[in-house]
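Now for the letters of each chain:
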Amino acid sequence: MQAYNSKPHYALLDGLRGVTALLVVWYHVFEGFQFAGNKPVIDFINHGYLAVDFFFILSGFVVGYAYDSRWGKTLTTGGFFRRRLIRLQPMVCMGALIGAVSFLLTGMERWDGSHATLGLTLLAFVCGCLMLPALPGMPREVRGNGEMFPLNGPCWSLFFEYIGNIVYALLIRRLSTRLLSLLTVALCCILTWFAVTDQSGYGSIGVGWTVDSVNMLGGSLRMLCPFTVGVLLSRIFKPFQNVRGAFWISTAVLLALFHVPYTGRSYSLGGMFGTLSLNGVFESICIVAIFPLIVWLAASGKTTDAASTRICRFLGDISYPLYIVHYPLMYAFYRWLIKTEQCTLQETWYVALTVVAGSIVLAWLCLKLYDVPVRKWLRQTLSAVCRRPQ
């Protein structure tokens, strides 16, 4: 581990975040095959949507670790929100811009074949930059698929990430470890109920991307539960001793979990208990038990040489830009799949790999040419403003 802000830095968590972002991109490739082929479930990487829940645990761990001990000393509520905005918002705006350009280049065509107007597209772009979600069917929901952020669908998780940061600053960080433990257990129980009884009706916990009662409840649970778990882990964490190969073990477990075949089996429990979803059982076990253990294991390990440190740093640096910028390219890929009537990797592997590689290159360019310099400028500018005499 290396020093960062006077605290040890968990390099393996950076690397794991990058690996998970790559798996999200790969999952969305197969989501395209499902979408174009009207398949009931996604083939191959069936549970890739659980990457979002894993990201929320990582986020809670990192936020709790970085900020819990600084409140009332070097950190104020305003300072915390300023830091989080500088970290997250520049790439939110860039993702909205890339999404708008992608939509314009495809003729502003909705999924039903009709066309949006330039004015509505620009409105969707502005609302995307401001993180203002669209309601299904409203004019600025320009793609017509019900997405909260129609120019860059995955931004729904950033919407909930912001809510998580607000809840952390106003409530969670004030709780004693005992009270935080009780809150964590309660949230884990509620999330398990939501998943196991298939409250979404989707057969999975893949909710949060649109604005309706089920998705808002499910998205809130998907954020609050793992985020709170992550904060609790950061408080009680004590590394395992003599851990070797933590990064590779953690990566292998995530790969295996994300590729577990989907099971749509459910059983009636009768009366007020509803149904028992086996897929929900698997999801809840992953979120409340296995993912925290993976984070604990990875945080216990260390990079062993300069090369592995550089790899983990690169993966960590690129993870957030990759998550934000890849989906506008996926929209174009999905449209191509529909128009060519191809819906398997065997038919389209060369295009799929190009989209994945293009997403990585675009993310790296955004990181180096935009995100890093803009965040540096914002830190300097806002620090100067805060130091200015009133």
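About the cut-offs
- Residues numbered from 1 in each chain as written.
- Predicted model: local features only at pLDDT ≥ 70, side-chain atom pairs only at ≥ 80, totals over all residues.
- Heavy atoms only, no water.
- 1 Å grid on protein atoms, 1.4 Å probe; cavity = no way out; pocket = protein on both sides within 12 Å on 5 of 7 lines; lining within 4 Å.
- Points joined across faces, edges and corners; volume = space filled by probe spheres on them.
- Helix = DSSP H or I, 4+ residues; strand = E, 2+ residues; numbered from the N terminus.
- Nonpolar A, V, L, I, M, F, W, Y, C, P; charged D, E, K, R; others polar.
- Contact = heavy atoms within 4.5 Å.
- Polar contact = N/O pair within 3.5 Å; in protein donor to acceptor, adjacent residues only side chain to side chain.
- Phe/Tyr/Trp six-rings, centres within 6.5 Å; stacked < 30°, edge-to-face > 60°.
- Buried < 20%, exposed > 50% of the residue type's maximum accessible area, 1.4 Å probe, protein only.

(A) Region of interest: empty space enclosed by the protein. Within this structure, the stated rule accounts for 2 cavities of 30 Å³ or more. Considering the residues around the largest cavity, the lining is formed by 13 residues, among which Ala124, Gly128, Phe149, Leu151 and Asn152 are closest to the centre. Among the elements of the structure, helix H3 (77-105) and helix H4 (118-129) are those that each provide at least two residues to the lining of the largest cavity. Of the residues forming the lining of the largest cavity, the biggest block, 3 residues, is contributed by H4. Class assignment of the residues belonging to the lining of the largest cavity gives a composition of 10 nonpolar, 2 polar and 1 charged.

(B) Representation of the environment of glutamine 34. In this structure, glutamine 34 sits in helix H1 (residues 11-37). Leave out the neighbours within four places in its chain, and glutamine 34 touches Lys39, Pro40, Val41 and Ile42. Among the polar contacts listed, one links the side chain of glutamine 34 to the backbone oxygen of proline 40, at a separation of 3.3 Å.

(C) Quick peek at the packing of aromatic side chains. Taken as a whole and judged by the stated rule, the model has 34 aromatic pairs. Their ring planes at 50 degrees and their centres at 5.5 Å tell us that phenylalanine 80 and tyrosine 168 sit as a pair that is tilted. Here phenylalanine 80 is found in helix H3, whereas its partner tyrosine 168 is found in helix H5 (residues 155-170), with 88 residues between them in sequence. When sorted by exposure, phenylalanine 80 lands in the same class as tyrosine 168, which is buried.

Everything listed here is a matter of coordinates, which is why it stays silent on function.
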